[in-house]
Protein chains: 2
Amino acid sequence: MSELSENVTELLKEKKIGVLHNMFHDMMPADIAELFEEIDVDADSLLLLFRILPKELAADTFVLMGQDNKESLIEAFSDRELSALIEDMYLDDAVDVIDEMPANVAQRILSRASTDTRREINALLKYPHDSAGSILTTEYIRLYPDMTVSQSFDVIRATGIDKETVYTCYVTDRTRKLVGVVSALTLLLSDTNAEIGDIMNENVISVKTLDDKEYAAELLRKYDFLALPVVDLEDRMIGIVTIDDAVDVIVDEYSEDIEIMAAITPTDKPYLKQSLFSIWKSRIPWLLLLMISATFTGMIISSFEEALAAQVALTAFIPMLMDTGGNSGSQSSVTVIRGISLSEISFADIPAVMWKELRISAMCGACLAAATFVKIQLVDNLILHSEVSLLVAAVVCMTLFVTVMCAKIIGCTLPLIAKKLGFDPAVMASPFITTIVDAVSLLVYFAFAKAILGL
Amino acid sequence: MSELSENVTELLKEKKIGVLHNMFHDMMPADIAELFEEIDVDADSLLLLFRILPKELAADTFVLMGQDNKESLIEAFSDRELSALIEDMYLDDAVDVIDEMPANVAQRILSRASTDTRREINALLKYPHDSAGSILTTEYIRLYPDMTVSQSFDVIRATGIDKETVYTCYVTDRTRKLVGVVSALTLLLSDTNAEIGDIMNENVISVKTLDDKEYAAELLRKYDFLALPVVDLEDRMIGIVTIDDAVDVIVDEYSEDIEIMAAITPTDKPYLKQSLFSIWKSRIPWLLLLMISATFTGMIISSFEEALAAQVALTAFIPMLMDTGGNSGSQSSVTVIRGISLSEISFADIPAVMWKELRISAMCGACLAAATFVKIQLVDNLILHSEVSLLVAAVVCMTLFVTVMCAKIIGCTLPLIAKKLGFDPAVMASPFITTIVDAVSLLVYFAFAKAILGL
């Protein structure tokens with residue numbers, strides 16, 4: 001790719017406009033947008049490059065560019081260029097562009113849109129950020145039940161080129177109430193005189209505008225749809241969510257989950273484009289919060305200082321106990337978090353999940369305790385001559401067993417409780433579980449030490 | 001949903017076949033499959049329920065059922081039923097079903113397929129598990145450049161009902177070499193006498209059969225395609241990958257990443273359906289491995305036992321230093337792992353990433369060290385009267401600063417190195433980073449303690 005961008009920079013310098021135009025003609029919008037991100041030119045050259053683009057690729061390419069490029073182009077566009085661009089964009093794309101721009105730039109875009117477009121954009125802008133409404137497009141094929149198949153093809157031909165998905169047509173009555181769905185394939189296979197009302201599928205699955213956009217994406221995935229209709233509270237058709245937007249929602253959702261699980265406030269800007277300050281801001285609150293929680297673990301150690309001083313061998317096992325507990329707990333929590341997000345596990349499954357984790361943790365705990373016992377005898381005592389007494393070994397192994405059990409039970413229940421309370425279950429991943437399990441493992445450790453070693 | 005399944009069980013008991021048939025008629029295959037998973041009936045009743053399904057829903061529903069239900073149905077089917085089912089299934093679905101069955105069941109299915117179907121299935125079964133070939137279907141619409149638009153519609157009408165995606169048609173020459181692509185929308189908007197060769201887009205993006213299936217899914221997502229052609233090494237068209245399969249690949253990939261990041265061997269069976277032993281097996285090797293690594297951290301503590309005995313206050317800060325280091329490191333590693341999987345970061349970016357993390361870690365480290373210093377003075381000394389000396393506070397804060405820097409640098413480089421060496425970068429998430437950073441933080445801690453406190 002970087003060879004290509006050098007090539008383009010070179011052609012631009014030599015003003016080989018025709019060559020560039022032909023080159024772009026054979027490229028996909030996503031690739032041109034990527035090229036524009038990579039290439040290092042000033043705002044004027046960027047504008048020039050954009051103007052060289054074949055007209056039919058311009059809007060699609062613009063939508064796929066990074067925010068900085070979009071902003072600098074909008075500032076450089078003439079009023080007429082901006083108007084043309086807005087009308088060429090799909091409505092949901094225009095809304096996304098406006099959404100990510102600073103207020104004054106957003107204002108300028110809206111002021112250049114036609115009255116109709118502006119009204120539609122404003123309506124879409126009102127939907128909450130995480131709703132199905134926020135990703136819908138109002139451009140879809142609408143048919144009436146009393147139309148014939150050949151009339152329907154006329155509608156598709158007349159409006160199709162502007163529609164995001166023409167392959168699923170929605171049938172409404174005259175009050176715009178959704179009554180059926182018919183695929184382009186069904187139309188193709190039907191007699192041209194057949195009435196839509198007779199060939200449509202009345203069993204339509206739809207979402208409401210205020211439903212969660214992740215729910216809409218999940219339905220598209222579950223039923224292998226290309227588009228999903230979005231209706232208002234009176235079942236009147238508002239628009240559609242298309243599969244390409246659903247895929248983006250799914251990918252964003254996972255990215256977000258992964259970031260939250262690593263104690264990072266999620267963002268959607270690429271890492272290399274983020275400012276130092278914004279990265280710092282997304283990380284430091286969690287680090288501080290977790291650090292403060294960890295000081296409680298320190299306080300537990302402080303209160304057993306005398307016991308530790310009497311049996312210095314105990315200190316050496318602290319990291320192993322804490323780490324193993326943390327790892328066991330995060331295995332369970334992440335398993336449950338993933339199960340929740342794939343809708344495989346719900347709050348009602350808590351007893352089943354706990355019973356399963358209880359048995360698995362007993363199996364894991366026993367195995368780890370046995371391995372540690374053997375390791376203490378063979379490595380610590382025989383090879384390193386650390387002279388760990390049998391009683392200390394017993395304390396360590398029993399702590400390990402109990403810690404793993406506690407860790408897995410804590411790990412599997414907290415995400416479900418978080419979900420029930422309306423929090424994102426992903427918050428209950430490794431960092432939080434680790435912090436809690438650290439304290440638990442030390443309390444168990446010192447309790448066994450007291451009981452068995454009589455400290 | 002569970003009300004529905006009780007309802008169905010009741011109707012089944014009363015042998016109300018007609019009512020059940022009508023009920024299924026209005027349901028989506030995905031929902032019927034879910035119902036069959038939920039319902040608790042014996043193999044005979046399951047077979048009866050399946051036989052009640054409207055014929056056009058049977059194959060789609062079967063494909064979406066869980067493995068246990070599929071296996072029990074296949075065993076119960078008559079030879080004729082099995083033959084009919086295989087021919088009704090999409091080829092790629094049939095391959096998936098055969099792939100997950102035990103050898104003898106797979107053999108029975110293949111023996112009931114028609115000669116043509118069996119040959120095609122066998123060809124598809126040969127592709128490696130993670131290749132684009134493994135998710136392709138050979139059912140697509142193929143056109144020739146010298147066909148007219150109306151001839152093309154005849155082809156779609158004649159074969160369309162069996163094809164997974166009819167909306168993107170692929171144009172090949174007589175040797176099956178891929179030469180162009182034309183959408184159903186273009187066909188609809190073109191003159192019926194126009195030749196395909198004149199209206200097709202010659203700029204086709206395709207993958208090879210042995211390309212990674214995640215790469216194919218990524219292309220479908222990037223270019224918003226509904227289908228992507230798969231060709232062999234001579235550019236001859238083999239089949240297509242459809243968007244619904246790409247979405248499943250994307251979701252599986254993320255699930256897998258999340259599991260690997262939590263030190264779990266990935267599986268694709270739902271948690272509640274997995275056996276205790278298989279869950280145990282997916283977790284215990286990692287726990288053992290990480291536990292053994294953590295004992296090195298213990299050895300570091302052992303070798304500083306005397307220093308710790310002389311300055312008992314030092315021990316209390318160990319959990320906080322280890323946890324904060326681990327959290328800092330996993331933030332960086334997960335950010336980079338996510339960047340790699342979204343193709344935003346590559347190995348060539350190592351210097352840029354390191355330079356960025358270096359500055360961020362200095363900012364985070366300074367902030368955390370300052371917070372800890374204030375906390376020691378206010379909480380430990382003023383409120384708890386722990387009398388932590390200024391020198392000990394200095395050791396703790398300097399360790400914190402250096403540990404955070406080391407953790408973030410280790411965290412951001414290891415995933416990139418793993419990727420370069422051909423491992424999955426997700427392995428370098430929290431658990432491994434934590435284990436490494438634990439040892440680093442203790443080494444730094446004791447080095448500062450030695451230097452400043454003269455232990």
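Residues numbered from 1 in each chain as written. Chains lettered and ligands numbered in written order. Predicted model: local features only at pLDDT ≥ 70, side-chain atom pairs only at ≥ 80, totals over all residues.

This next bit is on the overall build of chain A. The helix and strand inventory of chain A stands at 22 helices and six strands. A compact globule built from 455 residues would reach a C-alpha radius of gyration of about 23 Å, whereas chain A, at 30 Å, exceeds it by more than 25%. When each of the 455 residues of chain A is scored for burial, the buried share is 43%. The long-range share in chain A, meaning contacts at least 24 apart out of those at least 6 apart in sequence, stands at 72%. (Helix = DSSP H or I, 4+ residues; strand = E, 2+ residues; numbered from the N terminus. Rg over C-alpha atoms; globule rule 2.2 N^0.38 Å. Buried ≥ 20, exposed ≤ 12 C-beta atoms within 10 Å, placed from the backbone. Contact = placed C-beta atoms within 7 Å.)

Bringing the nonpolar core into the picture now. Where a protein is soluble and globular, its nonpolar side chains tend to be buried together. Grouped together as the largest cluster of nonpolar side chains are 211 residues, with contacts concentrated most on A:Val241, A:Ile250, B:Val241 and B:Ile250. The contacts of B:Ile250, once residues within four sequence positions are left out, are A:Val247, A:Ile250, A:Val251, B:Ala217 and B:Arg221. (Core = buried A, V, L, I, M, F, W, Y, C linked by C-beta atoms within 7 Å.)

What follows concerns the packing of helix 8 (residues 91-100) of chain A against helix 10 (residues 115-125) of chain A. All names here are of chain A. The contact between helix 8 and helix 10 brings their axes to 10 Å, and the two run at 65°. Two packed elements cross with a definite hand, and for helix 8 against helix 10 that hand is right-handed. Seen from helix 8, the contacting residues are Leu91, Asp92, Ala94, Val95 and Ile98; seen from helix 10, they are Glu120, Ile121, Leu124 and Leu125. Residue composition of the contact of helix 8 with helix 10, grouped by class: seven nonpolar, no polar and two charged. (Axes fitted to C-alpha atoms, helices over the stretch in contact; angles between N-to-C directions. Left-handed = near helix turned anticlockwise from the far one by under 90°. Nonpolar A, V, L, I, M, F, W, Y, C, P; charged D, E, K, R; others polar.)

Under the fitted operation, chain A is carried onto chain B by 0.0 Å of movement along the axis and a turn of 180°, and the coordinates agree to an RMSD of 0.1 Å. Both chain copies can therefore be described as sitting about a two-fold axis. (Least-squares fit on C-alpha atoms with pLDDT ≥ 70 in both.)

All names here are of chain B. The strand order 1-2-3 describes an open sheet built from three strands, whose pairing is mixed. Looking along the sheet, the strands with just one partner apiece sit at the ends: strand 1 (140-143) and strand 3 (178-183). The mean inter-strand angle of the sheet, taken between neighbouring strand axes irrespective of direction, is 35°. Inspection of the sheet shows strand 1 paired to strand 2 (residues 165-172) by three bridges, in the parallel sense. (Pairing = 2+ DSSP bridges.)

Residue and element names in this part refer to chain B. Strand order across the open sheet formed by three strands is 4-5-6, with mixed pairing between neighbours. Either end of the sheet is taken by a strand with one partner, and the two such strands are strand 4 (207-208) and strand 6 (237-242). Across two bridges, strand 4 lies against strand 5 (residues 227-231) in parallel orientation. Across the sheet, the residue bridging to Lys208 is Val231, located in strand 5. Lying on the sheet, helix 15 (residues 243-261) is in contact with strand 5 and strand 6; it crosses strand 6 at an angle near 65°.

Before going further, it helps to examine the pairing of strand 2 of chain B. Residue and element names in this part refer to chain B. Counting buried positions over the eight residues of strand 2 gives seven, a clear majority of the element. Crossover handedness for the path strand 1 to helix 11 (residues 149-159) to strand 2: right-handed. Across five bridges, strand 2 lies against strand 3 in antiparallel orientation. Among the inter-strand pairings, Val171 is bridged to a residue of strand 3, identified as Gly180. The hairpin formed by strand 2 and strand 3 contains five residues between the paired strands, and Arg176 there has a positive phi angle of roughly 70°. (Right-handed = clockwise from strand over helix to strand, strands pointing away.)

Taken together, the contacts link 90 residues of chain A with 90 residues of chain B. At 15 residues, the largest contribution of residues to the side of chain A that touches chain B is made by helix 16 (residues 276-303) of chain A. Here the side of chain A that touches chain B is built from residues that sort into 55 nonpolar, 19 polar and 16 charged.

In this section: the packing of helix 3 (residues 29-38) of chain B against helix 5 (residues 55-64) of chain B. Packed helix pairs are specified by the crossing angle of their axes together with the interaxial distance, meaning the distance between the axes. All names here are of chain B. The contact between helix 3 and helix 5 brings their axes to 8 Å, and the two run at 55°. When the interaxial angle is binned, helix 3 and helix 5 end up oblique. Crossing handedness for the pair helix 3 and helix 5: right-handed. Across the interface between the two elements, Pro29, Ala30, Ile32 and Ala33 from helix 3 touch Leu57, Asp60, Thr61 and Leu64 from helix 5. Grouping the amino acids of the contact of helix 3 with helix 5 by side-chain chemistry returns six nonpolar, one polar and one charged. (Parallel < 35°, antiparallel > 145°, perpendicular 65-115°, else oblique.)

This part takes up helix 11 (residues 149-159) of chain A. Because an α-helix completes one turn every 3.6 residues, residues spaced three or four positions apart along the sequence face the same direction. When helix 11 of chain A is considered as a whole, its buried residues turn out to be A:Val149, A:Ser152 and A:Ile156. Down the axis of helix 11 of chain A, the buried set is contained in an arc of 55°. They therefore lie on one face. In helix 11 of chain A, the exposed positions that point more than 90 degrees away from the buried face belong to A:Asp154 and A:Ala158. Summarising the contacts, the buried residues of helix 11 of chain A are in contact with strand 1 (140-143), strand 2 (165-172), helix 12 (184-189) and helix 13 (196-199) of chain A together with helix 12 (184-189) of chain B. (Arc of directions from axis to C-beta.)

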